[in-house]
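Spelled out from the first residue to the last, the chains are:
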Amino acid sequence: LAKTTQPISMDSYEGQEVNITCSHNNIATNDYITWYQQFPSQGPRFIIQGYKTKVTNEVASLFIPADRKSSTLSLPRVSLSDTAVYYCLVGAYNNNDMRFGAGTRLTVKP
Amino acid sequence: GAGVSQSPSNKVTEKGKDVELRCDPISGHTALYWYRQSLGQGLEFLIYFQGNSAPDKSGLPSDRFSAERTGGSVSTLTIQRTQQEDSAVYLCASSATTSGLGAQYFGPGTRLLVL
């Protein structure tokens, strides 16, 4: 069963690039890797998803090495509004073992 | 259309009472998930529905918890004989993809407080 591990917290400054790594040593062949952002008193919001190599969208990039045992969410040029908790999720649609990590609390400072 | 909606937004109940939490997924989404989030904690997966298939209930924390999904749309999470440790935010999410793992769209949650 895939289980994820993330750093508990990270600090950064406005304009910097932030990289958050998630470890998932027991990832299954059918599992995808998805990252979510959560603000206080709100439900999580989808950021990006990937299976292998690199995925990029308008807000983030996701780097997945060949062994898929980890993944790194990259946020370019963060702003104060990026202060939130970021969750890594590993799973597949036909696998009800949806394991969110404990989340990484990112604090962006001015 | 609208996003995932949940009701009630807040629920205060007394220990031992039953509660029902409702989730209206995004129209057309075949997958529906329930999670629980205790204060300051991460998300705990509870149950997953895919279309009209029978859900796997192995993630439910005890037999006091049950969930159903009628007509492949609206879902109800029921907690019987509530306990104080059931106090948490209960989040529902829906997804459109039936292969791989589609993006889950979360509702605002129901904040349950058991006194």
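Just so it is clear, the structure is predicted and the values come from calculations on it, not from any experiment.

**A closer look at the pattern of salt bridges**
Residues and elements named next belong to chain A. Going through the model one piece at a time under the given rule, you end up with five salt bridges over all chains. In this structure, Lys 109 engages Asp 11 in a salt bridge whose closest nitrogen and oxygen atoms are separated by 3.4 Å. In this pair, Lys 109 sits in strand β10 (residues 104-109) while Asp 11 sits in strand β1 (residues 9-13), placing the two residues 98 residues apart along the sequence.

**Some points on the sheet that holds strand β6 (residues 65-69) of chain B**
Hydrogen bonds between backbone atoms are what pair the strands of a sheet, whose relative direction is either parallel or antiparallel. All names here are of chain B. Across the sheet, four strands lie side by side as β1-β3-β7-β6; this open sheet has antiparallel pairing. One side of each edge strand has no neighbouring strand; the edge strands of this open sheet are β1 (5-7) and β6. Taken over all neighbouring pairs, the strand axes of this sheet differ in orientation by 15° on average, direction set aside. In terms of strand pairing, β1 meets strand β3 (residues 19-24) through three bridges, oriented antiparallel. Directly across from Gln 6, in β3, lies its bridge partner Cys 23.

**With respect to the packing of aromatic side chains**
Evaluated as defined, the whole model comprises seven aromatic pairs over all chains. Summarising the aromatic geometry, the rings of Tyr 32 of chain A and Tyr 51 of chain A are spaced 5.1 Å apart at their centres and angled 55° between planes, so their arrangement reads as tilted. Of the two residues, Tyr 32 of chain A is situated in strand β3 (residues 32-38) and Tyr 51 of chain A in the loop between β4 (45-50) and β5 (53-56); the sequence distance between them amounts to 19 residues. Given the relative accessible area of 26%, Tyr 32 of chain A is considered partly exposed. Tyr 51 of chain A sits in the partly exposed class, given a relative accessible area of 27%. Seen from their ring centres, Tyr 36 of chain A and Phe 106 of chain B are 5.7 Å apart, and the 85° between their planes marks the pair as edge-to-face. Remark: Phe 106 of chain B occurs in strand β9 (residues 105-106) and Tyr 36 of chain A occurs in strand β3; the pair is interchain, linking two chains. Considered together, Tyr 36 of chain A and Phe 106 of chain B belong to a single accessibility category, that of buried residues. Among the aromatic residues, those joined into a cluster by ring pairs are Tyr 36 and Phe 46 of chain A together with Tyr 33, Tyr 35, Phe 45, Tyr 48 and Phe 106 of chain B. Taking the ring centre of Tyr 51 of chain A as reference, the NZ or CZ of Arg 68 of chain A above it sits at 3.9 Å.

**Some points on the layout of surface pockets**
The gaps left among the atoms become clear once a water-sized probe is rolled over them. Each pocket or cavity is described by its volume, and for the largest pocket that value is around 560 Å³. Taken together, 30 residues form the lining of the largest pocket, with Gln 38 and Arg 105 of chain A together with Gln 37, Gly 40 and Gln 41 of chain B sitting closest to its centre. At the level of secondary structure, the elements contributing two or more residues to the lining of the largest pocket comprise β8 (84-91) and β10 of chain A together with β8 (88-95) of chain B. Ranked by residue count, the leading element in the lining of the largest pocket is β10 of chain A, at four residues. When the residues that make up the lining of the largest pocket are grouped by side-chain class, the tally is 13 nonpolar, 15 polar and two charged. The volume enclosed by the second largest pocket comes to roughly 190 Å³.

**Brief notes about unusual backbone geometry**
With an omega of -10°, the peptide bond running from Ser 7 of chain B to Pro 8 of chain B counts as cis. Mapped onto the secondary structure, Pro 8 of chain B falls in the loop between β1 and β2 (10-13). Here the phi dihedral of Ser 41 of chain A falls at roughly 65°; this positive angle occurs in a residue that is not glycine. Along the chain, Ser 41 of chain A falls in the loop between β3 and β4.

**Things to note about the interface of chain B and chain A**
With 23 residues of chain B in contact, the opposing surface of chain A contributes 20 residues. Across the chain B/chain A interface, buried area totals approximately 1,800 Å², and carbon plus sulfur atoms make up 58% of it. Summed over the shared surface of chain B and chain A, the result is four residue pairs in polar contact (both at pLDDT 80 or more). Those elements giving two or more residues to the side of chain B that touches chain A turn out to be β4 (31-37) and β5 (43-50) of chain B. Looking at which element gives the most residues to the side of chain B that touches chain A, the answer is β5 of chain B, with four residues. Broken down by class, the residue content of the side of chain B that touches chain A amounts to nine nonpolar, twelve polar and two charged.

The rules behind these values
Residues numbered from 1 in each chain as written. Chains lettered and ligands numbered in written order. Predicted model: local features only at pLDDT ≥ 70, side-chain atom pairs only at ≥ 80, totals over all residues. Heavy atoms only, no water. Salt bridge = Lys/Arg side-chain N within 4 Å of Asp/Glu carboxyl O. Helix = DSSP H or I, 4+ residues; strand = E, 2+ residues; numbered from the N terminus. Pairing = 2+ DSSP bridges. Axes fitted to C-alpha atoms, helices over the stretch in contact; angles between N-to-C directions. Phe/Tyr/Trp six-rings, centres within 6.5 Å; stacked < 30°, edge-to-face > 60°. Buried < 20%, exposed > 50% of the residue type's maximum accessible area, 1.4 Å probe, protein only. Lys NZ or Arg CZ within 6 Å of the ring centre and 35° of its normal. 1 Å grid on protein atoms, 1.4 Å probe; cavity = no way out; pocket = protein on both sides within 12 Å on 5 of 7 lines; lining within 4 Å. Points joined across faces, edges and corners; volume = space filled by probe spheres on them. Nonpolar A, V, L, I, M, F, W, Y, C, P; charged D, E, K, R; others polar. Contact = heavy atoms within 4.5 Å. Buried area = accessible area lost by both parts, 1.4 Å probe. Polar contact = N/O pair within 3.5 Å; in protein donor to acceptor, adjacent residues only side chain to side chain.

Just distances and angles here, no functional claims.
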